[in-house]
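Per-entry structural report
Given next are the chains, with one letter for each unit.
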Amino acid sequence: MKIDLNADIGEGYGHYRMGDDEALMDIITSANIACGFHAGDPVIMDRTLRQAAARGIDIGAHVGFPDMLGFGRRVIQADPQELAKYVLYQLGALSGLARAAGCRVGHMSFHGALGNMAAADDALAEPLLSAIAQFDPEIIISVSTNTAIERAAVRHGLPCATAFLADRAYDDQGALVSRKLPGAVIEDKQAVLQRVVELLRTGSVASITGTPLPMPVKQILVHGDTPGAVALARAIRGAIEEAGGSVTPVSQLL
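Residues numbered from 1 in each chain as written. Predicted model: local features only at pLDDT ≥ 70, side-chain atom pairs only at ≥ 80, totals over all residues. Heavy atoms only, no water.

Inspection of the secondary structure assignment puts His223 in strand E9 (residues 219-223). For His223, a relative accessible area of 8% corresponds to the buried category. Of note is the side chain of His223, whose polar atom sits 2.9 Å from the side chain of Asp167. Once you skip the residues sitting within four places of it in the chain, His223 turns out to touch Asp8, Leu165, Asp167, Arg168, Arg179 and Ala229. (Helix = DSSP H or I, 4+ residues; strand = E, 2+ residues; numbered from the N terminus. Buried < 20%, exposed > 50% of the residue type's maximum accessible area, 1.4 Å probe, protein only. Polar contact = N/O pair within 3.5 Å; in protein donor to acceptor, adjacent residues only side chain to side chain. Contact = heavy atoms within 4.5 Å.)

Dropping the structure here:
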């Protein structure tokens, strides 16, 4: 059993830092790097991707709304074609820095409110994934299963890696529970670990109501801005290895 251990990192801005990225990079096998819209800036992006590449970590783009003040978690109403340009802009920015550093952006994921909206809306997901396919037809889409994003990615021939968000609750349809609702973020480390072990053992995870949700997972994601993220990532890696598995970059799983 091989699985990618993934984290959102590079989410500071200027002198401000969010999470302990360097410690996380000693544990994870792929990284979603903020691209300057919801967090990050060119200097942080460059430093983060270079540190990741030096450790053999797969580099991915984490794209979201232009919402630095709201950390990309506020809904912005915009034309889908305009949003597609926002996505391309962020992919291009990180890819340019990666090229200068002698590496490449191999996967991408949607952040926050943009991800939630695109996951639930085929009319929004379609132009976003179409633009991504035109940018790089080989880029891996990191995505929750059974979403509009996944369907659009498949239509455009983009490879998908199903991701399990270890510290987030799912509803009975497999969608993430809104952060506005109680229980959406699972803060107890033992509860998170129990979910990971259940997923590894059964291939499914319980929804917020207790309903089993089958998940053919390639990635387990840890949010880098979550308090205790480093300890949680280390514990999840330990759980994978204790179950006889190995953590492996996502590019080697598809």
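Don't stop here, the text continues.
With that settled, the discussion passes to unusual backbone geometry. Excluding glycine, most residues fall at negative phi; most peptide bonds, likewise, are trans. We note that Phe71 has phi near 55 degrees; this positive angle belongs to a residue other than glycine. Mapped onto the elements, Phe71 comes out in the loop between strand E3 (58-63) and helix H3 (80-100). Accessibility expressed as a relative area gives 12% for Phe71, which makes it buried. For Asn146, which is not a glycine, the phi torsion comes out positive at approximately 60 degrees. Summarising the element assignment, Asn146 is placed in the loop between strand E5 (140-143) and helix H6 (148-155). Classification of Asn146 by relative accessible area gives exposed; the value is 53%.

So, on to H6. Every buried residue belonging to H6 is among Ala148, Ile149, Glu150, Ala152 and Ala153, and all of these are buried. Contacts from the buried residues of H6 go to strand E4 (107-110), helix H4 (112-120), helix H5 (122-135), E5 and strand E6 (160-165). Taken from the residues just after H6, Gly157 is the one with a positive phi, measuring 75 degrees.

What follows concerns the nonpolar core. In terms of nonpolar packing, the biggest core is built from 71 residues, with Ile220 and Ile236 touching the most fellow members. If we skip the residues at most four places from it in the chain, Ile236 touches Leu5, Ala166, Val192, Leu193, Val196, Ile220 and Val222. (Core = buried A, V, L, I, M, F, W, Y, C linked by side-chain atoms within 4.5 Å.)

So, on to the state of the cysteines. Where two cysteines share a covalent bond between their sulfur atoms, that bond is called a disulfide. One pass over the full model with this rule turns up 0 disulfides. Considering cysteine sulfurs only, Cys103 is the nearest to Cys35, which forms no disulfide, with 13 Å between them. Not part of a disulfide, Cys160 finds its nearest cysteine sulfur in Cys35, a span of 18 Å. (Disulfide = S-S within 2.5 Å.)

So, on to the pattern of salt bridges. Summed over the entire model, instances satisfying the criterion amount to 8 salt bridges. With its nearest N and O atoms 2.8 Å apart, the salt bridge here joins Arg104 to Asp136. Here the residue Arg104 occupies a position in the loop between H3 and E4, and Asp136 occupies one in the loop between H5 and E5, the gap between them amounting to 32 residues. Taking relative accessible area as the criterion, Arg104 reaches 46% and is therefore assigned partly exposed. Note on Asp136: relative accessible area 12%, which makes it buried. A salt bridge links Asp122 to Arg151, with the shortest nitrogen-to-oxygen separation between them at 3.1 Å. One end of the pair, Asp122, is in helix H5; the other, Arg151, is in helix H6, with 29 residues separating them in the sequence. Under the relative-accessibility criterion, Asp122 is labelled partly exposed at 33%. On the accessibility criterion, Arg151 (35% relative accessible area) is partly exposed. (Salt bridge = Lys/Arg side-chain N within 4 Å of Asp/Glu carboxyl O.)

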